[in-house]
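# Close look at the chain arrangement
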Number of protein chains: 2
Amino acid sequence: MCVAGCDEAMHRALSRRRLFRRAAAGAVLATGLRAEVVSAATPPTRFEKVIDLTHTLDPAFPTFFGTSGIELRTRFSYRKDGLNFLQWVLDEHSGTHIDAPLHFSENGADASALPIVDLVVPLAVIDVAAQAAANADYAVTPDDIKAWEERNGRLPDRAAVAIHTGWAQHLGTAKYRNEGPDGKLHFPGVHPAAAEVLIRERSVTGLLIDTLSFDIGATKDFPTHVLWLPSGRWGAENVANLDQVPPVGATIVVGGPKIRGATGGPSRLIALV
Amino acid sequence: MCVAGCDEAMHRALSRRRLFRRAAAGAVLATGLRAEVVSAATPPTRFEKVIDLTHTLDPAFPTFFGTSGIELRTRFSYRKDGLNFLQWVLDEHSGTHIDAPLHFSENGADASALPIVDLVVPLAVIDVAAQAAANADYAVTPDDIKAWEERNGRLPDRAAVAIHTGWAQHLGTAKYRNEGPDGKLHFPGVHPAAAEVLIRERSVTGLLIDTLSFDIGATKDFPTHVLWLPSGRWGAENVANLDQVPPVGATIVVGGPKIRGATGGPSRLIALV
């Protein structure tokens, strides 16, 4: 395992090359000074079922830091004004949400700059629910990826990889954050060595998990974030209903926020099967 | 045309019946006291291209009321804290966004309660750009729907209908809001008589437009909103890139906010072709 961040420059260069290839494949519109890819070819895809991978966010939804993630303020009310209209005061990384590269880098892509072709990709689901049930600090290893591939074949090109830890069943209980007497959170995540395999040896666009963070809760320095996001990839946390999705064969549509400067934000994640 | 709201009770009953049929077709999970449909069958669908129908939102993005729709506050910064993390103070109906039934009703569905099966539907695009170029107050009529069907066949079952007025080209100029010396906004929209046809005579789930509102800008009492949203259907405004989408054959994925109590909100809209 290399030191986190050691290959950031290389990953950035790779990401730039990928972006140029994509731009050549898709329609490019000039929007102000920024060339924006608004459409792109994808491999032919077929589906006949939709699955919502999104939890409902409200002020009681648990957050990593333990504070409320959203406050809803009334701007207009139907009884008084004839229409309802709220203002949200929202911490970006609340509820089912994405992380953009900018979340853990100085100049990475913000949520609005993620290429659209990275937001509709094959979805692979790695199930480590048994391991996580036995060990709340379980971190997905390269061996878990290897075992998945032995059963399901090589990870699809440009896939998003979702980690099903079974933690969604604890939402609404203290076990979801699972703060211990040591003051640390205890929920499963992804070991940086597994993230390295996905970055270096496979062509993966995104990493999803059904916990508050794709780093294990007990780690305070976010080594997997530090490795994953500066490489130009997106993450998604607090993902719902992964138990409904087959290990391979689904497509994910990432309804992430297109807000300039956003480091991520609440997102509608939908699986097409 | 009936008086706005006159058939609200009937539409609500119809919406409830539709919901029960959908619940029977899909997997239902109990989430607290609310039975939530998280997956549902759809007609087999194939695509090989993705098109982003979303504008980038920032504090300068025009709004109906003329005030800024979003303020971005720094909670953590990479240089100081090792990560970037913002808080958004956001007016719900900003940027490319959806309207939920609750926006114009006392007890309609909020954004989190829209059935997932209504968020992945066939997309029909009605082009009235020529009419709107000649008349900024142009309102789509039942005849526009009829003319579209003569060319493209009957509107697909459960389609979302997008109105392409060409107004997206004015984004970034004063013409987008087009406030006149009369103090009114002047941009095209949908006549309530056309909305009635879509509600009563066709099976339509959503209504999209590339302007600030699916009511014409010059109308202050929102008759099409008053008719459309209480019927249990969603709307979408400030939609981008409708000129890239064929009149028929695309599927839209509505990445709307799943926030309890939200009357709508910024959404990632993606067309699959």
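Residues numbered from 1 in each chain as written. Chains lettered and ligands numbered in written order. Predicted model: local features only at pLDDT ≥ 70, side-chain atom pairs only at ≥ 80, totals over all residues. Heavy atoms only, no water.

## A word on the overall build of chain A
- In terms of helices and strands, chain A carries 6 helices and 14 strands.
- The burial tally for chain A puts 59% of its 273 residues in the buried class.
- Counting only contacts in chain A whose residues sit at least 6 apart along the sequence, the fraction spanning at least 24 positions is 72%.
- Working note: accessible area of chain A is about 10,600 Å², and carbon and sulfur atoms make up 54% of it. (Helix = DSSP H or I, 4+ residues; strand = E, 2+ residues; numbered from the N terminus. Buried < 20%, exposed > 50% of the residue type's maximum accessible area, 1.4 Å probe, protein only. Contact = heavy atoms within 4.5 Å. Areas by Shrake-Rupley, 256 points an atom, 1.4 Å probe, with all protein chains shown as cover.)

## Remarks on the interface of chain A and chain B
- Chain A puts 76 residues into the contact, and the matching count from chain B is 76 residues.
- Of the roughly 6,600 Å² buried between chain A and chain B on both sides combined, carbon and sulfur atoms contribute 60%.
- Among the residues chain A hides against chain B, the three largest losses belong to Trp88, Lys258 and Arg268 of chain A. Together they make up 13% of the total.
- Between chain A and chain B we count 8 salt bridges in total.
- Measuring nitrogen to oxygen at the nearest pair gives 3.1 Å for the salt bridge that ties Asp58 of chain A to Arg260 of chain B.
- Counting across the interface, chain A meets chain B through 40 residue pairs in polar contact (both at pLDDT 80 or more).
- Counting residues per element, the ones that place at least two in the side of chain A that touches chain B are β1 (27–31), β2 (34–52), β3 (70–76), α2 (78–81), β4 (85–91), β12 (250–255), β13 (264–266) and β14 (268–272) of chain A.
- If one sorts the elements of the side of chain A that touches chain B by residue count, β2 of chain A sits on top with 17 residues.
- For the side of chain A that touches chain B, the residue count by class is 38 nonpolar, 22 polar and 16 charged.
- As defined by bridge partners, β4 of chain A adjoins strand β4 (residues 85–91) of chain B across 5 bridges and the pair is classed as antiparallel. The residue bridging Asp91 of chain A from the neighbouring strand is Gln87 of chain B, located in β4 of chain B. (Buried area = accessible area lost by both parts, 1.4 Å probe. Salt bridge = Lys/Arg side-chain N within 4 Å of Asp/Glu carboxyl O. Polar contact = N/O pair within 3.5 Å; in protein donor to acceptor, adjacent residues only side chain to side chain. Nonpolar A, V, L, I, M, F, W, Y, C, P; charged D, E, K, R; others polar. Pairing = 2+ DSSP bridges.)

## Observations regarding the relation of the copies chain A and chain B
- It takes a turn of 180° to lay chain A on chain B, together with a shift of 0.0 Å along the axis; the resulting RMSD is 0.0 Å. Such a turn and shift between the copies fits a two-fold axis.
- Both copies contact each other with a shared surface, as 100% of the interface residues of chain A are interface residues in chain B too. (Least-squares fit on C-alpha atoms with pLDDT ≥ 70 in both.)

## A look at the sheet that holds strand β3 (residues 70–76) of chain B
- Pairing is antiparallel across the open sheet formed by 4 strands, whose spatial order is β3(A)-β4(A)-β4(B)-β3(B). The sheet is open, and its two borders are formed by β3 of chain A together with β3 of chain B, each paired with just one other strand. The sheet shows a mean angle of 15° between the axes of neighbouring strands, taken without regard to direction. (Axes fitted to C-alpha atoms, helices over the stretch in contact; angles between N-to-C directions.)

## Points about the side chain of Asp144 of chain A
All names here are of chain A.
- Examined against the element boundaries, Asp144 turns out to sit in helix α4 (residues 142–152).
- Buried and unpaired, Asp144 has Arg151 as its nearest opposite-charge partner, separated by 7.3 Å.
- Leave out the neighbours within four places in its chain, and Asp144 touches Ile126, Val128, Gln131, Tyr138 and Ala139. (Lys, Arg positive; Asp, Glu negative; His and termini not counted.)

## Points about the environment of Arg46 of chain B
- One can find Arg46 of chain B in strand β2 (residues 34–52).
- The class of Arg46 of chain B is exposed, set by a relative accessible area of 53%.
- When the C-alpha positions of Arg46 of chain B and Lys220 of chain B are compared, they lie 41 Å apart, and in sequence the two are 174 residues distant.
- Filtering out sequence-adjacent residues up to four positions away, Arg46 of chain B remains in contact with Pro44, Thr45 and Arg46 of chain A.

## Here we look at the pairing of strand β10 (residues 204–209) of chain B
Residues and elements named next belong to chain B.
- The buried fraction of β10 is high, at 6 of 6 residues.
- Sheet topology places strand β8 (residues 159–164) next to β10; 5 bridges connect them, and they run parallel. Within β10, the residue paired with Ala160 across the bridge is Gly206.
- In terms of handedness, the path from β10 via helix α6 (residues 223–228) over to strand β11 (residues 234–237) forms a crossover that is right-handed. (Right-handed = clockwise from strand over helix to strand, strands pointing away.)

## Some thoughts on helix α5 (residues 192–200) of chain B
- Along α5 of chain B, 7 of the 9 residues are buried, which leaves the element largely enclosed by surrounding structure.
- Buried within α5 of chain B are the following residues: Pro192, Ala194, Ala195, Glu196, Val197, Leu198 and Ile199 of chain B.

## Things to note about the confidence of the model for chain A
- When the pLDDT values of chain A are averaged, the result is 90; 87% of them are 70 or greater.
- Predicted as a complex, the structure gets a pTM of 0.89 and an ipTM equal to 0.89. (pLDDT = per-residue confidence, 0-100.)

## A few points about the environment of Asn152 of chain A
Residue and element names in this part refer to chain A.
- When you line up the elements, Asn152 lands in helix α4.
- Each C-alpha atom of the pair Asn152 and Lys175 lies 31 Å from the other, and the pair is 23 residues apart in sequence.
- Filtering out sequence-adjacent residues up to four positions away, Asn152 remains in contact with Pro247 and Val248.

## Observations regarding the pattern of salt bridges
- This structure, assessed with the given rule, holds 22 salt bridges over all chains.
- Two residues, Arg75 of chain B and Asp91 of chain A, come together in a salt bridge whose shortest N-O distance is 2.4 Å. With Arg75 of chain B in strand β3 and Asp91 of chain A in strand β4, this residue pair bridges two chains.
- Assessed through its relative accessible area of 38%, Arg75 of chain B is described here as partly exposed.
- Of the charged contacts in the structure, one is a salt bridge between Asp52 of chain B and Lys258 of chain A, with a shortest N-O distance of 2.7 Å. Residue Asp52 of chain B is found in strand β2, and its partner Lys258 of chain A is found in the loop between β12 and β13; the two belong to separate chains.
- Residue classification places Lys258 of chain A among the buried positions, given a relative accessible area of 5%.
- The network of salt bridges with common partners includes Asp52 and Arg268 of chain A together with Lys258 of chain B.

## Side note on the pairing of strand β12 (residues 250–255) of chain B
All names here are of chain B.
- Judged by how many residues are buried, β12 sits mostly within the fold: 6 of 6 residues are covered.
- Every second residue of β12 is oriented toward a common face, with Ala250, Ile252 and Val254 on one face and Thr251, Val253 and Gly255 on the other, all of them buried.
- Pairing of strand β6 (residues 120–127) with β12 involves 4 bridges; the strand directions are antiparallel. Along β12, the bridge assignment pairs Leu123 with Ala250.
- Pairing between β12 and strand β14 (residues 268–272): 5 bridges, direction antiparallel. By the bridge assignment, Val253 is partnered in β14 with Ile270.

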